[in-house]
Amino acid sequence: MTVISVLLIDDDVLDRRLVKHALADAGGQVKFRIESAEQLAQAEQKMAKETFDVVLLDLGLPDSRGIETVKKFRAINAQMPVVVLTGMEDEESAIEAIKAGADDYVAKGKLLKDLIVRSIRYTIERKKTELKLRLAKKQAEELQAETELVNKQLQMSIERANLMTREAMLSNQAKSDFLANMSHEIRTPMNGIIGFTEILLDEELAEQQREYVEIIKSASDNLLALINDILDFSKIEAGKLEAEAIEFSLESLLRDITCLMKPQADKKGLKFDVVRGDDLPETMHSDPVRLRQCLFNLLSNAMKFTSQGHVLLRLSSRQRDGRSFICFAVEDTGIGIPKDKHESIFDAFSQVDGSTTREYGGTGLGLAITKELTRLLGGYLLLDSEIDKGSVFNVIIPVILTSANTQTTPETEHGKAWSQKPTDVRPTCGKVLIADDNKTSVVLTTLLLEKLGFEVTCVADGREAVDKALAQTFDLIIMDMQMPGIDGYQATRTLREKGCECPIIAVTAHALEGDREKCIEAGCDDYIAKPINRDQLYEIVGKYVQKINIAENTDMQLAGVYAAAENKHD
Ligand code: ADP
């Protein structure tokens, strides 16, 4: 049974009795508990003491009359369900009462009994629904406010992330610039050390002197390798390393590797061999420099971590998804690698344990570079190793590199023709202008070029280079790009603008991606990085001066050579 508590506000005794009578036998499952008040003030006191489900409100009270009564009641209680009791023919004021805040009205009279129960229950239910709706609306508003807050936070997070990305890009740029500068700073003195050591080794030396010079050479080679490792790794990190795809002989690669590795193995009393499997192709179409670097890294590690037994390079051919691969397995009988380090040693700067560096040296970059290079070559690197038994690193790469990440560079005819030792090079009588502010570099390059039979003129800055090159005829200009005042880029641009057609070889200690393009863009024909490698210098000089020799220096033929050189600029 539902009990509904009613506050009946009416000063008329008869009316009150009428209402009570109407509610007394409501029937069904409802029972009414009725409290009465004769005026608003009294009603207010009662409502303060107890809670009612509904108020029946007469509009004509001693302390208030008409619509004002509803307004005053709403001022006392805004939520309470209110049914107004009106006179029979007074529909107008009933409507006004509803506008003023009443929930329903019932006319006193014959139909009161039939209508009042329904009106009360309907009013209570409607009020409950209204309350629920209001609550739901409030919750929806709160939810919306919360969503707006989350959206705002999200927007702020996006802005922060964008800012951080911009900052990261800037700091990456700063890192690249730092690397470029570092590389320049380190390569310039290395240029002098390595170059003069090589020249010293060509001289007559006492046995002990030769030993010392060879130690200097080996230490500076190691230092250069370390610088190259750091540069390579930075380029890989920046995604700037690219692989070439050229055809080369597998056998000549293996011969090179044997020449490098055999003496090292002999020195340590290790057996070294290259074991060739069946069905190996004669040539491969990949990047021989990068592949050599991978195998050299792995073989050097194998030699380093093996004190007895053997180091082998096993080659086998494999087929996968209709493509041919070659597996280069570098196998050693050395200290092995614990299973729990099989993954982490491929991370940059990681070694099996800290004592490795103390005992064997190294930076922990070799495997990280090798893994990335193998990927660049379209292949993968696998490890199988057991502690105290030895290790096998498998470099598996496609015989034909088809990756979009490659540049195809055909081997030039001149590239081979001049890769000879200086003594094999036939003397030429060309004139070379060297523009370089670094004394050591100038002396070294001069010595190397004089050995070829060149007549060398040297200047120390870009302005002098421009003046000299315009005043005299040279067969070749070697231009250092980083000079004080007018640098090599500006000097080259000026020379080209003024119609100079002489081949210009840029020399720069910057060995980062994009430097070559920058030099070519300025008008240089070719590019060589410091420290100048003697064979590389001769090879590159040969590319340009050989043409002049063939032309036998006749003016007419020279014009043809220069025209060819000019075409290259276009
Ligand atoms: P580095 O040799 O300069 O330390 P690497 O990245 O080439 O750096 O090698 C990382 C580590 O992996 C080495 O320090 C060594 O602990 C381990 N390692 C690599 N190759 C071998 C190997 N053939 N035998 C045993 N341990 C090896």
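As a reminder, the structure under discussion sits directly above these lines.
Below is a short write-up of the structure. Here, residues in each chain are numbered from 1, in the same order as that chain's written sequence. The predicted nature of this model means local features are confined to residues of pLDDT at least 70 and side-chain atom pairs, given and counted, to a pLDDT of 80 or more, with totals for whole chains, interfaces and linings taken over all residues. Values reported for side chains reflect all heavy atoms of the structure, with hydrogen atoms and water molecules removed beforehand.

### Some remarks on the overall build of the protein chain
- By definition, any uninterrupted DSSP run of H or I lasting at least four residues is a helix, any uninterrupted run of E lasting at least two residues is a strand, and each is numbered from the N terminus. The helix and strand tally for the protein chain stands at 17 helices and 21 strands.
- Buried means the residue's accessible area, taken with a 1.4 Å probe over protein chains only, is under 20% of the maximum for its type, while exposed means over 50%, and partly exposed covers the values in between. Going through the 570 residues of the protein chain one by one, you find that 43% of them count as buried.
- Contact criterion: two residues are considered in contact whenever any of their non-hydrogen atoms come within 4.5 Å of each other. By sequence separation, contacts in the protein chain at least 24 residues apart represent 68% of the contacts at least 6 residues apart.
- Of the roughly 31000 Å² that the protein chain leaves accessible, carbon and sulfur atoms contribute 52%. Computed with a 1.4 Å probe, the accessible areas rest on the Shrake-Rupley method; for each residue, only the protein chains presented here act as cover.

### Overview of the packing of helix H8 (residues 288–304) against helix H10 (residues 366–376)
- Inter-axis angles, ranging from 0 to 180 degrees, are taken between N-to-C directions of lines fitted to C-alpha atoms, where helices are fitted over the stretch in contact. Running from N to C, H8 and H10 cross one another at 145 degrees; their axes reach a closest spacing of 9 Å. Handedness of the crossing formed by H8 with H10: left-handed. Contacts between H8 and H10 involve Arg290, Gln293, Cys294, Asn297, Leu298 and Asn301 from the first element and Gly366, Leu367, Ile369, Thr370, Leu373 and Thr374 from the second.
- When its residues are assigned to classes, the contact of H8 with H10 shows five nonpolar, six polar and one charged. Crossing chirality is assigned from the near helix's rotation relative to the far helix, an anticlockwise turn below a right angle marking it left-handed and a clockwise turn marking it right-handed. Only Asp, Glu, Lys and Arg are considered charged, only Ala, Val, Leu, Ile, Met, Phe, Trp, Tyr, Cys and Pro nonpolar, and every remaining residue, Gly among them, polar.

### Concerning helix H3 (residues 67–76)
- Of all the residues in H3, the buried ones are Thr69, Val70, Phe73 and Arg74. Around the axis of H3, the buried residues are gathered within 130 degrees of arc, so they sit on the same side. Our arc is simply the arc of the directions from the helix axis toward the C-beta atoms.

### Observations regarding the pattern of salt bridges
- Salt bridges are identified by distance alone: a Lys or Arg side-chain nitrogen within 4 Å of an Asp or Glu carboxyl oxygen. Summed over the entire model, instances satisfying the criterion amount to 24 salt bridges.
- As a salt-bridge pair, Glu125 and Lys128 come within 3.7 Å of each other at their nearest N and O atoms. Within this pair, Glu125 and its partner Lys128 are both found in helix H5 (residues 112–202), separated by three residues, close to a single helical turn.
- Residue Lys128 is classed as partly exposed on the basis of its relative accessible area of 44%.
- Salt-bridge contacts for Arg314 lead to Glu331; the nearest nitrogen and oxygen are separated by 2.8 Å. On the criterion of sequence distance, the pair formed by Arg314 in strand E12 (residues 310–320) and Glu331 in strand E13 (residues 323–332) is long-range, its members being 17 residues apart.
- Judged by relative accessible area, which is 34%, Arg314 ranks as partly exposed.
- Glu331 gets classed as buried once you look at its relative accessible area, which sits at 15%.

### What to know about the packing of aromatic side chains
- Two rings belonging to Phe, Tyr or Trp (six-membered ring only in the last case) form a pair when the distance between their centres is within 6.5 Å. Interplanar angles under 30 degrees mark stacking, angles over 60 mark edge-to-face geometry, and anything in between is tilted. As enumerated under the stated definition, the model contains one aromatic pair in all.
- Seen from their ring centres, Phe346 and Phe393 are 6.3 Å apart, and the 75 degrees between their planes marks the pair as edge-to-face. Of this pair, Phe346 sits in the loop between E13 and helix H9 (355–360) while Phe393 is found in strand E15 (residues 390–398), placing the two residues 47 residues apart along the sequence. Take Phe346 and Phe393: they sit in the same class, and that class is buried.

### Overview of the site of the ligand
- For the ligand, the set of nearby residues contains 21 residues, the closest of which are Asn301, Asp332, Gln351, Thr363 and Leu367.
- We define a polar contact as two N or O atoms separated by no more than 3.5 Å, with the added condition that, inside protein, one atom must be a possible hydrogen donor and the other a possible acceptor, whereas residues neighbouring each other in sequence contribute only through side-chain atom pairs. A distance of 2.9 Å separates a nitrogen atom of the ligand from a polar atom in the side chain of Asp332.
- In this structure, an oxygen atom belonging to the ligand sits 3.3 Å away from a main-chain N or O atom of Gly366.
- Protein contact buries 97% of the 530 Å² of open area that the ligand shows by itself.
- Listing elements by their share of the shell around the ligand, those giving two or more residues are H8, H10 and E15.
- A class-by-class count of the residues in the shell around the ligand yields nine nonpolar, ten polar and two charged. Here a residue counts as near a molecule or strand whenever at least one of its heavy atoms sits within 4 Å of it.

### A short note on the pairing of strand E6 (residues 82–86)
- Counting buried residues in E6 gives five out of five residues, a clear majority hidden from the surface.
- Residues Val82, Val84 and Thr86 line one face of E6 and the alternating positions Val83 and Leu85 line the opposite face, and both faces are buried.
- Two strands pair when backbone bridges link them, and strand E3 (residues 54–58) and E6 are joined in this way by four bridges, in the parallel orientation. Bridging from a neighbouring strand, Leu57 pairs with Val84 of E6.
- Between any two strands, at least two bridges found by DSSP are needed for them to pair. Summarising the sheet, E6 and strand E7 (residues 104–107) pair through four bridges and their orientation is parallel. Paired with Val83 across the two strands is Asp104, which belongs to E7.

### Quick look at the sheet that holds strand E2 (residues 30–37)
- Pairing is parallel in the open sheet, where five strands are placed in the order E2-E1-E3-E6-E7. With one partner strand each, in any of the chains shown, E2 and E7 form the two edges of the open sheet. If you compare each strand with its neighbour and ignore which way they point, the axes differ by 25 degrees on average.
- On the sheet, helix H2 (residues 40–49) packs against strand E1 (2–9), E2 and E3 and is oriented at approximately 125 degrees with respect to E2.
- Sheet strands in contact with helix H4 (residues 91–100) are E6 and E7, and its direction is about 160 degrees off that of E7.

### Some thoughts on the environment of Arg126
- Tracing the backbone through its elements, the reader meets Arg126 in helix H5.
- Its relative accessible area of 30% is what places Arg126 among the partly exposed residues.
- In this structure, the C-alpha to C-alpha distance between Arg126 and Pro81, residues 45 residues apart in sequence, is 8.6 Å.

### Quick notes on the nonpolar core
- What is meant by a nonpolar core is a set of buried Ala, Val, Leu, Ile, Met, Phe, Trp, Tyr and Cys residues, joined one to another through side-chain atoms within 4.5 Å. Phe272, Met284, Leu291, Leu313, Phe328 and Phe393 are the most contacted members of the largest nonpolar core, which totals 45 residues.
- Here this core gets seven residues from one element, more than from any other, and that element is H8.
- When residues no more than four places from it in sequence are discounted, the contact partners of Phe272 are Ile257, Thr258, Met261, Lys262, Ala265, Leu299, Met303 and Val311.
- In terms of nonpolar packing, the next biggest core, distinct from the first, is built from 24 residues, Ala435, Val459, Val466 and Met483 among them.

### Some remarks on helix H1 (residues 13–24)
- Here a helix's expected span is defined as the number of its residues, less one, multiplied by 1.5 Å. For H1, spanning twelve residues, the distance from its first C-alpha to its last is 16 Å, which sits close to the expected 16 Å at 1.5 Å a residue.
- Buried within H1 are the following residues: Asp15, Arg16, Val19, Ala22 and Leu23. On an axial view of H1, the arc spanned by its buried residues comes to 125 degrees, and they lie on one face. H1 presents Leu14, Arg17, His21 and Ala24 as exposed residues on the side facing more than 90 degrees away from its buried surface.
- A side-chain oxygen of the first residue of H1 lies 2.8 Å from the backbone nitrogen of Leu14; this N-cap is Asp12.

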